[in-house]
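Structural overview for review
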Amino acid sequence: PSEFLVRRAEAKLAVQQRYGLVQSSSARLFVFLGRWVKQKGMDYIADVAGWMLDNFEDAQLVMIGPIGDPYGSYAERKMQMLQQVERFEGRLFMHAGFLVVPNEVKLGCDFCLMPSRDEPFGYVDIEFAWFGAPTVGSFRGGLAKVPGFYYRIYNSDSASETQEALKQAIAAAMSAPPSVLATMSLNARQSVFSVEGWQQELRNVYALVLDRFKAQRPRRRGASEMESTRASTGAPLVHSEDEMLGPHVGRPGSKRRMSWNDPDAALSMISIETEREGHAGVTSIVIGDADSEFLKQEVGELDIQVGVDRKLSEGKAPNAMVLLEEVEWEAQLAREKDPWAVKLGQSYLGVYLIDWMISLAYVTGPLCSAILLGQVPTSSSTFEVLEPISEVVFGIAWTLAACRVQPNILMTAVVFCRLALVLPGLCGAPPTVAALCLGAVSTGDPVFIYFNFMANSVGDVSKLAIRTGLLMALRKASEWFFLAVVNAPTWARWVLFVPVLLCIFVPGVALLSAPAPYRDFRLPALQLKFVTKQRVLLLLGAASVVGYLAFVPSTAFLRFREKQPYSLSSLTAYCVLLGVVVAAATLAFAAYIHYRPGNTLPLVKVLACCSVPAVLLRCLAMVEINQSTELTWALDLLVMISIAFEAVYGMASAVAILATVGSRWRFIVFTCFVGASASLCRAASYGIVEVTASQWRPLEEATPRILAWNLLLAAVIPSVCEMALKVAAFFYFDREATAMLTTRRQQQMMRYLKKQDPQQETAPLIEQGRTATRSLVEVASPLASRTSSAIRSFASMEFASRCRTPVVAP
């Protein structure tokens, strides 16, 4: 061991001299070797490199590899800017391209950097480990199988969270004592990966897949039939060790081949001056389906580099995701011929103007409904039943129109249809006409949620989910604000006529000149198969629908508050106060999950799956007050708390659902059918209250005490069922919310295989997979598993906060 550590110290000095770094045995040398692509997390290294060199004087960084995508171009430009900083001279070497790299680099470095977004197995960290270098990187995929400092995150799409986690891992590596690093280096040299354990695990996985696949086929094939099929499939996919391992492990010019079970072979090859890393070509066939996300038009590499240079020079580069999204969007706007489309594509306060217009149209929708409700008598039974039923019919109609009509035209039609609410609201209309108009127009408002933020729909799904959830919560707050208009006098509604027209015509006219993504991408089709595949969606959707059976008890507290002996001086002021409470609660929740992205997933999970329906709190408060007027303030306080909690729960549910479906189109279909079912349950809630009270129209006739008990009895059963469904969804949330992309690919492949003839196509595919598996088991090194010892050691670890504290694997 002492001789090995001496050779590492000598190799470090040679590497520092070779790349123009300050020669120091006490320096901590970080090295990245590989392709500069998004998968490898190159942008994360570029974003934290300046912080690392500023905060740790002994840190040195070497980065070598070819650029493979725009993220690599971003990293190159940013590293070039760091190279020009005088205080970093002699501590940073960067070469964005192919370069002859001696094996002394692996032997002399202190850490191998691998902040990969995804890594199926990864063998670069094994090569570095066998030269004695621990890894600093992400706990993703096949990484964290050798000694090192690792970080684990929940939201891999959040650049800020990943940067913070990588910084903590680097800080842990820099603060580790030399004796600990020496021990980790020796342990890394002893990493051995058992082929036998990997073979058995792979056999078990393939057997499970084949059993599940055959269970869905119309008939099973016997062993003899499978054997006969095997004879007709020809030669195996992989023939020999040389064919499979040659480009990966073999070194041109060397008579030896590195063995994955012999770490000493790596060190014995230190005299080799050059190495080439071959990359086996992989062909990926993607079978498209109707619910796939739209694809943006590709932007040229030169345009991207020019845009990256400009953005970096302006200092507007919080991370690569944001910067590249802005560059691609600007390049797309440059192709627009309509100057108004270019204007609408400009960003204001981090949001494009077209998105501000769509958000304005969505949030102000309840204002038009309030004007109508304030003029017509909505307390009739006809209105209460006809309005939800019309919502079902027209809600499905609007969603079907989204499959045929351009999004901007459809949103424009929804906006101008609001005139059908404003004019009857000012001039008067019978309850039947009011119910039909309200159901027809109000159900078109979700269209603005469907097609908002189209320019940001490819990227961080969690960001889109948070924005959508916040909009839906603010819409809920606006409903309370505009509810004050219902009780306003006629002259006040005429005063609001001009602002209402502005809220209709400004977004409506602007949407006619919307940029390309808001014109071109319609809803592909209405399909509900994905809901049956994901139990979280099925359970949360059912919980939302069942919860609407308690709609009347949930909203009847206003009627209760107006009854004697209570006194409500101003219902308008009361509704405005409720709107302020809802807006404050949702904005606070949105700010928290924005600045603490690492806590978003567990917090959303708990709120969406474990929250108690707020209607129970309000009904219990109405029962307990028992006509005690001196406790009116306590009732109001509990109402405010329950309303705020209900708004936060609604936002968390929207975030959870959109993050689970992983697709805007699926979210549209899910919202359509859940909304239609919820409208029917809302119509039924009036009958449930009347049956429970054994009285016709109990909201008007019953005394406060009797009304409170009737509302509580009507709300108990739906609330208990809602809680049970949400708790059941809790146990599937982690698995299905994080596996949404693989689920889609599995469904695509399953549909493709089902189209083939079972006897001629499916069986050869299965047997070819078996044949390839046998060949892989016989010749492959364990490129897809961890050692049993590593598994035992990691199984005993406890991850503080599960995401924030770096994991040290000694």
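Structure: see above.
None of these values were measured; they are calculated from a predicted model. (Residues numbered from 1 in each chain as written. Predicted model: local features only at pLDDT ≥ 70, side-chain atom pairs only at ≥ 80, totals over all residues. Heavy atoms only, no water.)

1. Looking at the overall build of the protein
When helices and strands are tallied, the protein shows 39 helices and nine strands. Per-residue burial over the protein gives 53% buried out of 810 residues. Here the analysis covers contacts within the protein between residues at least 6 apart in sequence; of these, 80% occur between residues at least 24 apart. Accessible area for the protein stands at about 36000 Å²; split by element, carbon and sulfur atoms hold 60% of it. (Helix = DSSP H or I, 4+ residues; strand = E, 2+ residues; numbered from the N terminus. Buried < 20%, exposed > 50% of the residue type's maximum accessible area, 1.4 Å probe, protein only. Contact = heavy atoms within 4.5 Å. Areas by Shrake-Rupley, 256 points an atom, 1.4 Å probe, with all protein chains shown as cover.)

2. Overview of a nonpolar patch on the surface
Taken together, the side chains of Val385, Ile389, Val393, Phe394, Leu436 and Leu680 make up a nonpolar region of the molecular surface, amounting to roughly 490 Å² of accessible area. Here Val393 is to be found in helix H17 (residues 381–402). We classify Val393 as exposed; its relative accessible area is 52%. (Patch = residues over 30% accessible without salt bridge, like charges linked within 9 Å, V, L, I, M, F, W, Y side chains within 5 Å. Salt bridge = Lys/Arg side-chain N within 4 Å of Asp/Glu carboxyl O.)

3. Description of the nonpolar core
Ranked by internal contacts, the top residues of the largest apolar core, which has 85 residues, are Ile354, Phe448, Phe451, Tyr518 and Phe589. Ignoring anything within four residues of it in the chain, the contact list for Phe589 reads Leu603, Val604, Leu607, Val648, Met651 and Ala652. Of all hydrophobic cores here, the second largest spans 46 residues; its members include Val48, Leu53, Ala59 and Ala176. (Core = buried A, V, L, I, M, F, W, Y, C linked by side-chain atoms within 4.5 Å.)

4. Regarding the packing of helix H31 (residues 600–610) against helix H33 (residues 632–661)
Their axes nearest at 8 Å, the elements H31 and H33 cross at an angle of 115°. With respect to each other, H31 and H33 are oriented roughly perpendicular. In the packing of H31 onto H33, the handedness of the crossing is left-handed. Contacts from Val604, Leu607 and Ala608 in H31 reach Phe645, Val648, Tyr649, Ala652, Ser653, Val655 and Ala656 in H33. Residue classes in the contact of H31 with H33 are distributed as nine nonpolar, one polar and no charged. (Axes fitted to C-alpha atoms, helices over the stretch in contact; angles between N-to-C directions. Parallel < 35°, antiparallel > 145°, perpendicular 65-115°, else oblique. Left-handed = near helix turned anticlockwise from the far one by under 90°. Nonpolar A, V, L, I, M, F, W, Y, C, P; charged D, E, K, R; others polar.)

5. Some remarks on the pattern of salt bridges
Scanning the entire structure with this criterion turns up 18 salt bridges. We note a salt bridge from Asp636 to Arg561, for which the minimum N-O separation is 2.9 Å. Of this pair, Asp636 sits in helix H33 while Arg561 sits in helix H29 (residues 557–562), and the two are 75 residues apart along the sequence. On the basis of relative accessibility, which here comes to 15%, the residue Asp636 falls in the buried class. A residue is classified by how much of its surface remains accessible, and Arg561, at 7% relative accessible area, is buried. Here the salt bridges do not stand alone but share partners, grouping Arg418, Asp445, Arg475, Lys476 and Glu479 into one network.

6. A closer look at the environment of Met79
Looking at where Met79 falls in the secondary structure, it is placed in helix H3 (residues 70–83). Taking the relative accessible area as the measure of exposure, Met79 reaches 0% and is therefore buried. Considered as a pair, Met79 and Ala96 are 17 residues apart in the sequence and their alpha carbons are 9.6 Å apart. With residues near it in sequence (within four places) discarded, Met79 still touches Ala46, Ala49, Leu61, Met63, Leu92 and Met94.

7. Here we look at the packing of aromatic side chains
Enumeration according to the criterion identifies nine aromatic pairs in this entry. Consider the rings of Trp329 and Tyr352, whose centres lie 5.0 Å apart with planes at 35°: the pair is tilted. In this pair, Trp329 is assigned in helix H13 (residues 320–334) and Tyr352 in strand S8 (residues 351–352), connecting sequence segments 23 residues apart. The class for Tyr352 is buried, based on a relative accessible area of 9%. A network of ring pairs unites the aromatic residues Phe30, Phe111 and Phe149 as a single cluster. Here Lys605 stacks its cationic end above the ring of Phe730, 4.2 Å away from the centre of that ring. (Phe/Tyr/Trp six-rings, centres within 6.5 Å; stacked < 30°, edge-to-face > 60°. Lys NZ or Arg CZ within 6 Å of the ring centre and 35° of its normal.)

8. Focus: the side chain of Glu76
Checked against the element boundaries, Glu76 lands in helix H3. According to the relative accessible area criterion, Glu76 is buried, its value standing at 14%. Discounting residues that sit within four places of it in the chain, Glu76 has contacts with Trp36, Ile67, Met94 and Ala96.

9. Considerations on the pairing of strand S3 (residues 92–96)
Every regular strand shows the same layout, with side chains that alternate between the two sheet faces. Where strand S2 (residues 59–65) meets S3, five bridges bridge the pair, whose relative direction is parallel. Looking across to S3, one finds that Ile64 is bridged to His95. In this fold, S2 hands off to H3, which returns the chain to S3; that crossover is right-handed. (Pairing = 2+ DSSP bridges. Right-handed = clockwise from strand over helix to strand, strands pointing away.)

10. Re the environment of Ile706
Relative to the elements of secondary structure, Ile706 occurs in helix H36 (residues 704–738). The class for Ile706 is partly exposed, based on a relative accessible area of 46%. Along the backbone, Ile706 and Ala693 are 13 residues apart, and their C-alpha atoms lie at a distance of 8.3 Å.

11. Focus on the pairing of strand S4 (residues 111–114)
The alternating pattern of S4 places Phe111 and Leu113 and Cys112 and Met114 on opposite faces, both of which are buried. For strand S1 (residues 28–33) and S4, the ladder comprises two bridges, and the chain directions are parallel. Note on S4: the bridge partner recorded for Phe30 is Phe111. The pairing of S4 with strand S5 (residues 135–138) spans three bridges and is parallel.

12. Here we look at empty space enclosed by the protein
This structure, assessed with the given rule, holds eight cavities of 30 Å³ or more. Within this model, the largest cavity holds a volume of roughly 80 Å³. Lining the largest cavity are Glu384, Val552, Ser685, Tyr686, Val689, Glu690, Arg697, Pro698, Leu699 and Glu700. Take the lining of the largest cavity: its biggest share by element is four residues, from helix H34 (residues 664–693). Split into classes, the residues belonging to the lining of the largest cavity amount to five nonpolar, one polar and four charged. (1 Å grid on protein atoms, 1.4 Å probe; cavity = no way out; pocket = protein on both sides within 12 Å on 5 of 7 lines; lining within 4 Å. Points joined across faces, edges and corners; volume = space filled by probe spheres on them.)

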